[in-house]
Structure formats: C-alpha cells, structure tokens
Amino acid sequence: MIKDIKTALLLFLILAVMTGLIYPLTMTGIGQVVFPHQANGSLIHQHGRVVGSSLIGQYFREPQYFWSRPSATSPVPYNGAGSSASNLGPNNPALAQHVAARIKALKAADPAEKGPVPVDLVTSSASGLDPDISIAAALYQVPRVAQTGGISIVTLHRLIRENTTEPLLGFIGEPVVNVVKLNLALHARYVTAPVATRSLTKEPPS
C-alpha cells in the first residue's frame, strides 16, 4: 500500500512539473521566438503607444469612419474582458427588431445608398469582438465615408485592399477587412485634413 502511494505521488509530481511548468514555459518561449507579435496579443502601435489589437474590434460611429459589425458585449461594445454573443435565435422577434433598427440607422447615415445592407453590418459575431467585416460591408460604406471625410472613392478602395486579409491558404474562409487598421489609416489622413475627429481609443458611450 505505501509503495503504491509513493508511486502515485511521484507520478503526480512528474506530471505536475511537465504539464504545469515545463510545457507552458516551452510553448511560451517558442511563441515569443517564432510568433512574438501574435503571442503578445497582435497589438497595434502608433506613435509609441498601443491603440488597439488587430484581433479585437473597436466601436466606431462617426460617419467619416468605417463602422464595425454590432457587438453584444457589455457594459460597452467590444469589451475584451467580456466576450459574449446576443444568443438570439433566428425565430426570436427581438433579433428581427434589432436588425431592422440597425438597417434603419445605416440607411439614415447614407440615404443615397439604395443597395441591400450586408448581413454582417446588422448582426453581431459569436464572440462580440470580431474586428473584421466583409469586403461587401466595407464597399457599402464607401460613399458615406468619401462624402463626410473628403477622401476620394479611388483612395478608399485602395485602403480597403491594403487592409484586406485573404483566405487562409487561398481557399479557407472569405477575404475580410480589418476595420481597426482601416480606420487608423483613415485617421492618419484626417490628422492633416479639415475634418473633425476624435481619438480612436476613446471609450464609446455606455
């Protein structure tokens, strides 16, 4: 009996050291050496300070910026510490009401746009933190951003292309546009342009 207990304790200690110490430190070291940017949160730096992460969306509602897809996190949109979805099913009347309200807001912001609203602009992602939108969702907003921001449509199309991520291995998934990076590129242009802007890192209204 005592011999079995000693064997069990020894195995426990060995496994605890291997899985609780050696393995995490090894993976952390490999991550820092091979993928340091991703391992540290894919942070976006600008002028010597962190302004966001390419993995987490941000709340935008100024008409001269591209808008992200809705976020269901609380107490504020895109709360990285509280990832969550709306959990509203397709037959839930509340979902239809939310979608209708979002479509109305988009149409009000750009009444000249008569085309159908891309679905990702009116529905939240499963995490509530998705930083990307479809190319169709980005192109839908080009007329509004061009008019209010004073930037040509040709330039906006180029910025969209520059901030588009192609499918993994060329065929897994769909191409997506990172809204945070795209708006940072816009913000850099607005700094010297006569357009009223606020900091991209300012907290959204609760």
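Novice: What am I meant to see in the layout of surface pockets here?
Specialist: The rolling of a water-molecule-sized probe over the atoms marks out the regions of remaining empty space. Looking at the largest pocket, its volume works out to about 250 Å³. What lines the largest pocket is a set of 16 residues, and nearest its centre among them are Tyr59, Arg61, Ser68, Arg69 and Pro70. For the lining of the largest pocket, the per-class residue count stands at ten nonpolar, three polar and three charged.

Novice: Sorry if this is basic, but what is going on with a nonpolar patch on the surface here?
Specialist: A cluster of nonpolar side chains, Leu10, Leu11, Ile14, Leu15, Val17, Met18, Leu21, Ile22 and Leu25, forms an exposed patch at the surface whose accessible area comes to about 840 Å². With respect to the helices and strands, Met18 occurs in helix α1 (residues 2–34). Residue classification places Met18 among the partly exposed residues on the basis of a relative accessible area of 45%.

Novice: Just checking my understanding: could you explain the pairing of strand β2 (residues 49–53) for this structure?
Specialist: Looking along a regular strand, one sees side chains alternate from face to face of the sheet. Relative to β2, strand β1 (residues 43–46) runs antiparallel, the two sharing four bridges. Bridging across to β2, Ile44 finds its partner in Gly52. Where β1 hands over to β2, the hairpin turn is made up of two residues, of which His47 adopts a positive phi near 55 degrees.

Novice: What should I look at first to understand unusual backbone geometry in this one?
Specialist: Peptide bonds are mostly trans, and most non-glycine residues show a negative phi. The residue after Ser74, namely Pro75, is reached through a cis peptide bond having omega 0 degrees. Positionally, Pro75 belongs in the loop between β2 and α3 (93–109). For Tyr78, which is not glycine, the phi dihedral falls at a positive 55 degrees. Position of Tyr78 among the secondary structure elements: in the loop between β2 and α3. For Tyr78, a relative accessible area of 9% corresponds to the buried category.

Novice: Help me understand helix α4 (residues 135–149), please; the structure alone is not making it clear to me.
Specialist: Within an α-helix, residues lying three or four positions from one another point in the same direction, as the helix has 3.6 residues per turn. Helix length check: α4 (15 residues) gives 20 Å between terminal C-alpha atoms against 21 Å at 1.5 Å per residue, within 8%. Where α4 bends most, the angle comes to about 40 degrees, and this point is Val142, followed within four residues by the proline Pro143. Among all positions of α4, only Ala137, Ala138, Tyr140, Gln141, Val142, Arg144, Val145, Ala146 and Gly149 are buried. Turning to α4, the residues buried within the fold contact α3, β3 (132–134), α5 (153–162), β5 (176–178) and α6 (179–190). After α4 finishes, the residue Gly150 shows a positive phi value of roughly 70 degrees.

Analysis parameters
Residues numbered from 1 in each chain as written. Predicted model: local features only at pLDDT ≥ 70, side-chain atom pairs only at ≥ 80, totals over all residues. Heavy atoms only, no water. 1 Å grid on protein atoms, 1.4 Å probe; cavity = no way out; pocket = protein on both sides within 12 Å on 5 of 7 lines; lining within 4 Å. Points joined across faces, edges and corners; volume = space filled by probe spheres on them. Nonpolar A, V, L, I, M, F, W, Y, C, P; charged D, E, K, R; others polar. Patch = residues over 30% accessible without salt bridge, like charges linked within 9 Å, V, L, I, M, F, W, Y side chains within 5 Å. Areas by Shrake-Rupley, 256 points an atom, 1.4 Å probe, with all protein chains shown as cover. Salt bridge = Lys/Arg side-chain N within 4 Å of Asp/Glu carboxyl O. Helix = DSSP H or I, 4+ residues; strand = E, 2+ residues; numbered from the N terminus. Buried < 20%, exposed > 50% of the residue type's maximum accessible area, 1.4 Å probe, protein only. Pairing = 2+ DSSP bridges. Expected span 1.5 Å × (residues − 1). Bend = angle between axes of the 7 residues up to and from the residue. Contact = heavy atoms within 4.5 Å.

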